[in-house]
Every structure is written in C-alpha cells, then in structure tokens.
Amino acid sequence: MATDKKDATKEFVFSWEGSDRKGKKSKGDIRAASLAVASAQLRRQGITVLKIKKQSGLAKGGTITDKDITLFTRQLATMMKSGVPLLQAFDIVGKGHSNPAVAKLLMDIKTDIETGSSLSQAFKKFPLYFDDLYVNLIGAGEQAGILDTVLERLATYKEKTQAIIGKIKSALFYPISILVVAFVITAVIMLFVVPAFKELFSSFGANLPAPTVFVMNVSDIFVKYWYIIFSSIGGSIYAFMYTWKRSKTMQHFMDRLMLKLPIFGPVIEKATIARWTRTLSTMFAAGVPLVEALNSVAGAAGNILYYEATKKIQAEVSTGTSLTVSMQNAELFPSMVLQMVAIGEESGALDAMLGKVADFYEAEVDDAVDSLSSLMEPIIMVVLGGLIGGLVVAMYLPIFKMGEVVH
C-alpha cells in the first residue's frame, strides 16, 4: 500500500538556531533539499538564522518513530486530563523517556513554549514528526480552550490509524517473506545441490528424464550468471520502489492496482476508507472548518486516488456543494458511507457518523486480515511444496529409474 507521497527531490534534515521578527531566540528542525533551500524557507517564516547544519538524525541514541509520537500524545493527553500543567507534563514525559532523541525533541518544544510560543507553533517547527493535521488540531484545541479533549481525540486517532497500518503491513508481509524464503531456498538448491547431482549423473551413461535435464539447465544458468541474476533482481526492486515514490504515473498505476488486487484489494480499500473517515471525524470534532479539515484528510489518505478525490471534494464543498454530493461525485465511496454522511449532515452529527463509519471499517479490516491469514497458509504451503518438491523429485527421478533397472 502506498504511504503519504513525498516530493521528487531528496530531502535532508537541518537543525537550526535563530531569532524571529521580535528578536526572540528559537531553534528547531526543518526538512529541505539543501542548506540554501532550508535557509530560504526559514527566512520566509521571518527567522533570522544564526546557525544551521545538516544532520542524519535528531539526536544520538535513537530515531523518532510514529509510535513514539503516538505514545507521547497519549501520555500528554492523560496528564492534561489529570490537571498536570503543560510544561510540567513535557518535563515528566521528556525526562522519563528511554529514547534520547525523543527526550531532546520534547525539551526543545518545552523551551519554545517557555519563550512564548503556543503549543501548535512549537510543534510546527518540527514537521518531520508533527504533520499539518497534528498541528491544525492542536491549534484548534488551543483556540477553543479544549486542548486536553483534542489531545485525547488525537491520541485515539493516531492509535487507531497505526493499528490499521500495522494490520495491512502484517497481511502483506507474510506472503512477501515466504516468497523471499522460497527464492533463497531455490537459489541454494540451484547453486549447490543440483551441481552435486549433475556430477553424480554424469557417470550414469544413460539418458536423463526431461524434468531432470530442465532443472540442470536452469542450474547451469544460475551457476554461470548468478551475479547478474541477483544484481538484476536487486536493481529492479530498487528501481521499482524509487519510481513508485517519485513518479505520479507510477503512483496512480500502483495505487489503482492495489485496490483491484483479488485478495488484498478489498482489505486495502477498507483500510483507506477507515483512515479517511477517522481523520475527517477527528478534525471536524475538534472544530476545524470542513474545507480546512479536508486539506488534512487528503494528506492522510495514504492513496493518491483518494488524495486527488479529496482535493476535488474540497473544491466542490468550498463552492457550496454538500459533502455527500461531493463524495458521490468522486465515485470512490461505497453507498453505506454516503448514506451515513448524508444522515450526519442532516442531523448535524457528522463527526459522530464518520466515527461510526471508521469503527465499522476498522472492524472489517480486522476480520479480513484474520481471514487472509487462514486463507494464505494453505495456498503458500501448496506453492512452496510444489516448488521445492518438484525440484527434489526432478533430481531423484534418475535414481528411482536406476533402482527399477537394478530390481
């Protein structure tokens, strides 16, 4: 499944220190293609750069994952619900975290807040870890005075989204890992086992069975051109992944293909719809205007077809078209989703209805992944058994025939 799309240009992380238009000192991280681009972006934000350098990570001792951010969000939400002051909450989570990179990030954010920045402004300085959706929700919570509630909704959203992505990855990882293992075993047999049998059969002085001859010929190709075969496969995979990330044409093709796959397609579609509706529900419930919320939903869709459809929906909604009609025009959403959205718009409970749709599709993904695991096991056993068993039988056929002659 395609993840959020990046720019075609390779980007790096730059750590900077500087001062804003009021002379207030601040620091943070920024993603850019080069040092010059990073400096230009900071100048546009009104930052006078005093120091900037490229780095591979935020701090020594570990990297920051989405799981770290999800856990931090849940901890911050819990402490604020319990009445712990914001700065003290950052201090507790930061000093108690086992990952030094996360601890440094939280201390940097805490420093920004102490110097007068709002929480959303402090998060905005670290786009590597806090996307527009996250920043917009925090900003809406601060303006409405319900930051603790928004943090709780945001933590729930990230936990559910992460669970869905994990389910899809586990469903795809199993067959891919089996295919890799099957290829490695086949390569070992072709490179080491078959040549040993070939040397043995050369003394038979009789015609070998056709399957044996075929396997031996394939083995000869492997032995002679193994470096070309392995480098070609590795290069093809790298080129494919590189093109997939950077070519919109390839993204269109792969995302459309992923949705139409016989077994995995329906699961990926349900996961995408669950993520789409969960994001919009969370944004709308936090008081973010619908048009602005749809902008974040597009970025979180995880599929370029849904990204482009969401942008069209946003354009239609901004001109006065209802959300239901706009979604219907996109021709990507099942009728059940459209009916629930229509009910939500009519009753004024759109966020609640979208949340129920997300719950339904998340449960559907759970059931589908469980069914996939049960379905894939016998299929994989048959494929592996047929491949490895066929190779073994092909190599033992001459021995069986010789045994018949001796008998």
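Keep in mind that what you see is a predicted model, and the values were worked out from it rather than measured. (Residues numbered from 1 in each chain as written. Predicted model: local features only at pLDDT ≥ 70, side-chain atom pairs only at ≥ 80, totals over all residues. Heavy atoms only, no water.)

1. Details of the packing of aromatic side chains
Stated formally: What counts as a ring pair is set by centres within 6.5 Å for rings of Phe, Tyr and Trp (its six-membered ring), and what kind of pair is set by the plane angle: stacked under 30 degrees, edge-to-face over 60, tilted for all other angles. Only runs of H or I of at least four residues qualify as helices and only runs of E of at least two qualify as strands under DSSP, and these elements are numbered from the N terminus. With a 1.4 Å probe rolled over the protein chains alone, any residue whose accessible area is under 20% of its type maximum counts as buried; one over 50% counts as exposed, and the rest are partly exposed.
Within this structure, the stated rule accounts for 16 aromatic pairs. Ring geometry for Phe183 against Phe230: centres 5.8 Å apart, planes inclined by 75°, an arrangement best described as edge-to-face. Highlighted residues: Phe183 in helix 7 (residues 147-201) and Phe230 in helix 8 (residues 210-246), separated in sequence by 47 residues. Seen from their ring centres, Phe240 and Trp244 are 5.5 Å apart, and the 50° between their planes marks the pair as tilted. Here Phe240 pairs with Trp244, and both are found in helix 8, just four residues apart, close to one helical turn. Exposure remark for Phe240: the relative accessible area of 31% places this residue in the partly exposed category. Among the aromatic side chains, those forming a connected cluster through ring pairs are Phe72, Phe90, Phe123, Phe130 and Tyr134.

2. Details of the packing of helix 7 against helix 8
The condition is simple: The axes used here are C-alpha line fits, helices contributing only the stretch in contact, and every angle between their N-to-C directions lies in the interval 0 to 180 degrees. Should an angle lie under 35 degrees it is considered roughly parallel, over 145 roughly antiparallel, and from 65 to 115 roughly perpendicular; all remaining angles are considered oblique. Note: crossing handedness is left-handed where the near helix turns anticlockwise from the far helix by less than a right angle, and right-handed where it turns clockwise. In this description, contact between two residues means that some pair of their heavy atoms is separated by no more than 4.5 Å. Three residue categories are used. Nonpolar comprises Ala, Val, Leu, Ile, Met, Phe, Trp, Tyr, Cys and Pro, charged comprises Asp, Glu, Lys and Arg, and polar comprises the others, including Gly.
Remark: helix 7 packs on helix 8, axes separated minimally by 9 Å, with the N-to-C direction vectors making an angle of 135°. With respect to helix 8, the element helix 7 is oriented oblique. Where helix 7 crosses over helix 8, the handedness of that crossing is left-handed. Along the contact surface, helix 7 presents Phe183, Ala187, Met190, Leu191, Val194, Pro195, Lys198 and Phe201, while helix 8 presents Thr212, Val215, Met216, Val218, Ser219, Asp220, Phe222, Val223, Trp226, Phe230 and Ile233. Here the contact of helix 7 with helix 8 is composed, by residue class, of 15 nonpolar, two polar and two charged.

3. Describing the nonpolar core
This is how it is decided: Residues grouped as a nonpolar core are buried Ala, Val, Leu, Ile, Met, Phe, Trp, Tyr and Cys residues, joined through side-chain atoms within 4.5 Å.
Counting 78 residues, the largest nonpolar core has Phe90, Ile109, Phe123, Phe130, Trp276 and Leu323 as its most contacted members. Not counting residues up to four positions away in its chain, the partners in contact with Phe123 are Phe72, Phe90, Ile109, Phe130, Tyr134, Val135 and Ile138. Listed in part, the 13 residues of the second largest apolar core include Val215, Phe222, Ile229 and Met395.

4. Details of the packing of helix 6 (residues 132-144) against helix 10 (residues 265-285)
At a minimum axis distance of 9 Å, the contact between helix 6 and helix 10 shows a crossing angle of 25°. When the axes of helix 6 and helix 10 are compared, the pair comes out roughly parallel. Along the contact surface, helix 6 presents Leu133, Asn136 and Leu137, while helix 10 presents Thr279, Thr282 and Met283. Of the residues assigned to the contact of helix 6 with helix 10, the class counts are three nonpolar, three polar and no charged.

5. Some words on the pattern of salt bridges
Rules: Counted as salt bridges are all cases of a side-chain nitrogen of Lys or Arg within 4 Å of a carboxyl oxygen of Asp or Glu.
According to the stated counting rule, one finds 13 salt bridges in the structure shown. Notably, a salt bridge pairs Glu362 with Arg278, separated by 2.9 Å at the nearest N-O pair. Residue Glu362 is found in helix 15 (residues 350-406), and its partner Arg278 is found in helix 10; the two are separated by 84 residues along the sequence. On the basis of relative accessible area, Glu362 is assigned to the buried category, the value being 10%. Note on Arg278: relative accessible area 9%, which makes it buried. Salt bridges sharing common partners tie together Lys160, Arg278, Asp359 and Glu362.

6. Brief notes about the side chain of Asn99
Worth spelling out the cut-off: Under this definition, polar contacts are N or O atom pairs within 3.5 Å; protein pairs additionally need one hydrogen-donor-capable and one acceptor-capable atom, and for neighbouring residues in sequence, both atoms have to be side-chain atoms.
Of note, Asn99 is situated in the loop between helix 3 (86-96) and helix 4 (100-114). On the accessibility criterion, Asn99 (12% relative accessible area) is buried. For Asn99, the side chain forms a polar contact with the main-chain nitrogen of Ala101, separated by 3.0 Å.

7. So, the environment of Lys224
With respect to the helices, strands and loops of the structure, Lys224 is situated in helix 8. When its relative accessible area of 56% is taken as the criterion, Lys224 is described as exposed. As a C-alpha pair, Lys224 and Leu191 span 33 residues in sequence and 9.4 Å in three-dimensional space.

8. Quick word on the environment of Arg21
Here Arg21 is to be found in the loop between strand 1 (12-19) and strand 2 (25-32). Overall, the relative accessible area of 70% leaves Arg21 in the exposed class. Considered as a pair, Arg21 and Gly96 are 75 residues apart in the sequence and their alpha carbons are 34 Å apart. With near-sequence residues (within four places) excluded, Arg21 lies in contact with Arg44, Gln45 and Gly46.

9. Examining the confidence of the model for the chain
For residues with low pLDDT, the predicted coordinates do not support detailed interpretation. Threshold: Note on scores: pLDDT gives the predictor's confidence for each residue, bounded by 0 and 100.
In this model, the chain carries an average pLDDT of 84, and 92% of its residues clear a pLDDT of 70 or more. Within the model, pLDDT remains below 50 along residues 1-9, and this stretch shows 23 contacts once partners closer than five positions in the same chain are excluded. Scored below 50 in pLDDT, residues 57-61 makes twelve contacts in the model with residues more than four places away or belonging to other chains.

10. Points about helix 8
Cut-off, in case you're wondering: For a helix, the expected span equals 1.5 Å multiplied by the number of residues minus one.
Helix length check: helix 8 (37 residues) gives 46 Å between terminal C-alpha atoms against 54 Å at 1.5 Å per residue, more than 12% under. Among all positions of helix 8, only Thr212, Val215, Met216, Ser219, Phe222, Ile229 and Trp244 are buried.

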